[in-house]
Amino acid sequence: MDEMEFCPDIFFEFKLREYWKASIEEVSLFVGTKSKDTVLVNNATTGINTVLKSLKYNTGEVILFTNCTYHAVKNTCQQTSVLANGVEAVHMSLVFPIKHEDDIVNQYAEYLDAHKNVKIAVIDHITSPTAMLMPVSRIASVCHDRGVLVVVDGAHCPGQLDLNIERLGVDFYTGNLHKWGFSARGCAVLWIDPKFHNVIRPLITSHHWNTGKPMIEFTTQGTNNYSSYQSVPQAIKFYKDIGGHEAIDKYNRSLLAKAVDYLTEKWGTCKLDIPASMEAPFLRLVKLPPIAGFSASTDDSERLRLKLLEEYKLIQYIFPVQGELFIRLSCQVYNEISDYESLGDAIQELSKRT
């Protein structure tokens, strides 16, 4: 940041590409991609926008997402369908309980067999509101067998999963580095299968357009603050220095299991009913007890979040799922069990109010 401000001309004209290359090389090793197929964008939503708005659509084609898709990405699907006249954005409903991964994979197969006009499926690797680890490779195989493209929203995955994106068998993948990978905000990776290099373009057209090197177009998007991208090598170094994926995974999984057991026992509730293989490593949904004055609506979940913030200084996410309110637990290395004990006490106190 200081270097950029000291002499912007030198930074943007001579230094930026050098820093970009260093960050791309580090992040490619971190997420299992080749650097030539990898770029950086502001966040995963930007990555999804970039892919969907670069594709060409025929009238009657469909962009498929689910009821568990992140709200901003749902909006992206819907806006893209409006911009691409004659295209429809359709959501497929995932219903709980889910007893086996096969339930999800078979649902995609049945849906695509019945709807031959799907152009691309937007698949969450880890669903944001429900913290489900989706069987992405199996779903991608189902999609490709039916001629459907796959873009993966992996917003919560770099740093939470030991990723090897190229082995997933998808067409596009985007994931934030600032959620679980310790980079500065906003910073996300976007991987583009080589066969689409000449199709996908950044949302902003700038200096490197029409140079015959399409991936280079992502390096310069005007005189922006690129310090978050430059933070990537140090972020990955920090990730490794504190033990790397193995140590982080062990600590977070253990703490999360303790937190879930503690809260479900304290509140007399349960976690979301999904297979263990579909539980995100560091995220879990736990059902809240009844709280007077708060229904299982989106508006009331937001009111409850605000109440917990203002009265108890607790940052949390609460979602309605099929007529019940759930809270999403997150565990990172800086958390300890006392954080979840404070949450447990706050919710218990609210549930006893009349």
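Refer to the preceding data block for the structure.
Treat the numbers as computed from the prediction; the structure is a model and nothing was measured.

**Points about the pairing of strand β6 (residues 172-176)**
Here comes step 1: Burial analysis of β6 places five of its five residues in the buried class, the great majority of the element.
Here comes step 2: Bridging between strand β5 (residues 149-153) and β6 involves three bridges; their strand directions are parallel. Each residue of the ladder has a partner; that of Val 152, found in β6, is Tyr 173.
Here comes step 3: Here β6 runs beside strand β7 (residues 188-192); their pairing, made up of five bridges, is antiparallel. Each bridged residue has a counterpart across the sheet, and for Phe 172 the counterpart in β7 is Ile 192.

**What about a nonpolar patch on the surface?**
Here comes step 1: Side chains of Leu 306, Leu 309 and Ile 315 sit close together on the surface and give an oily, nonpolar patch of about 300 Å² of accessible area.
Here comes step 2: Mapping Leu 306 onto the fold places it in helix α10 (residues 298-312).

**Description of the packing of helix α3 (residues 44-54) against helix α4 (residues 71-83)**
Here comes step 1: It is at 10 Å that the axes of α3 and α4 come closest, and there the two elements cross at 20°. The pairing of α3 with α4 is recorded here as roughly parallel in orientation. By crossing handedness, the relation of α3 to α4 is classed as right-handed. Together, Thr 45, Ile 48, Asn 49, Leu 52 and Lys 53 of α3 and Ala 72, Val 73, Thr 76, Cys 77, Gln 79, Thr 80 and Leu 83 of α4 make up the contact between the two elements.
Here comes step 2: The class makeup of the residues in the contact of α3 with α4 is six nonpolar, five polar and one charged.

**Considerations on the sheet that holds β5**
Backbone-to-backbone hydrogen bonds join strands into a sheet, with any given pair of strands oriented parallel or antiparallel.
Here comes step 1: Strands sit in the order β1-β7-β6-β5-β4-β2-β3 across an open sheet of seven strands; the sheet is mixed. The open sheet terminates on both sides in strands that have one partner only, identified here as β1 (38-41) and β3 (88-92). Neighbour-to-neighbour, the strand axes of the sheet open up by a mean angle of 20°, direction not taken into account.
Here comes step 2: Relative to β3, strand β2 (residues 62-66) runs parallel, the two being bridged by five bridges. Bridge assignment links Ile 63 to a residue of β3, and that residue is Ala 89.
Here comes step 3: Contacting β4 (118-124) and β5, helix α6 (residues 136-145) runs over the sheet at an angle of about 175° to β4.

**Observations regarding the pattern of salt bridges**
Here comes step 1: By the definition in use, this model includes 20 salt bridges.
Here comes step 2: Across the pair Lys 237 and Asp 241 runs a salt bridge, and its minimum N-O distance is 2.8 Å. In this pair, Lys 237 and Asp 241 are both assigned in helix α8 (residues 232-241), four residues apart and thus about one turn of the helix distant.
Here comes step 3: Salt-bridge contacts for Glu 302 lead to Arg 305; the nearest nitrogen and oxygen are separated by 3.7 Å. Of the two residues, Glu 302 and Arg 305 both sit in helix α10, three residues apart, roughly one turn of that helix.
Here comes step 4: Assessed through its relative accessible area of 42%, Glu 302 is described here as partly exposed.

**Points about the environment of His 100**
Here comes step 1: The residue His 100 is located in the loop between β3 and α5 (101-114) in this model.
Here comes step 2: Here Asp 102 takes part through its backbone nitrogen, which lies 2.9 Å from a polar atom of the side chain of His 100.

**Side note on the sheet that holds strand β10 (residues 324-330)**
Here comes step 1: The strand order across the open sheet built from three strands is β8-β10-β9, with neighbouring strands paired in antiparallel fashion. Strands with a single pairing partner mark the edges of an open sheet, and in this sheet they are β8 (283-287) and β9 (317-321). Taking the axes of each pair of neighbouring strands and ignoring which way they run, one obtains an average angle of 35° across the sheet.
Here comes step 2: For β8 and β10, the ladder comprises five bridges, and the chain directions are antiparallel. Looking at β10, one finds that Val 286 is bridged to Ile 327.
Here comes step 3: Strands β8 and β10 of the sheet are contacted by helix α9 (residues 244-267), whose axis makes an angle of about 5° with β8.

What counts as what
- Residues numbered from 1 in each chain as written.
- Predicted model: local features only at pLDDT ≥ 70, side-chain atom pairs only at ≥ 80, totals over all residues.
- Heavy atoms only, no water.
- Buried < 20%, exposed > 50% of the residue type's maximum accessible area, 1.4 Å probe, protein only.
- Helix = DSSP H or I, 4+ residues; strand = E, 2+ residues; numbered from the N terminus.
- Pairing = 2+ DSSP bridges.
- Patch = residues over 30% accessible without salt bridge, like charges linked within 9 Å, V, L, I, M, F, W, Y side chains within 5 Å.
- Areas by Shrake-Rupley, 256 points an atom, 1.4 Å probe, with all protein chains shown as cover.
- Salt bridge = Lys/Arg side-chain N within 4 Å of Asp/Glu carboxyl O.
- Axes fitted to C-alpha atoms, helices over the stretch in contact; angles between N-to-C directions.
- Parallel < 35°, antiparallel > 145°, perpendicular 65-115°, else oblique.
- Left-handed = near helix turned anticlockwise from the far one by under 90°.
- Contact = heavy atoms within 4.5 Å.
- Nonpolar A, V, L, I, M, F, W, Y, C, P; charged D, E, K, R; others polar.
- Polar contact = N/O pair within 3.5 Å; in protein donor to acceptor, adjacent residues only side chain to side chain.

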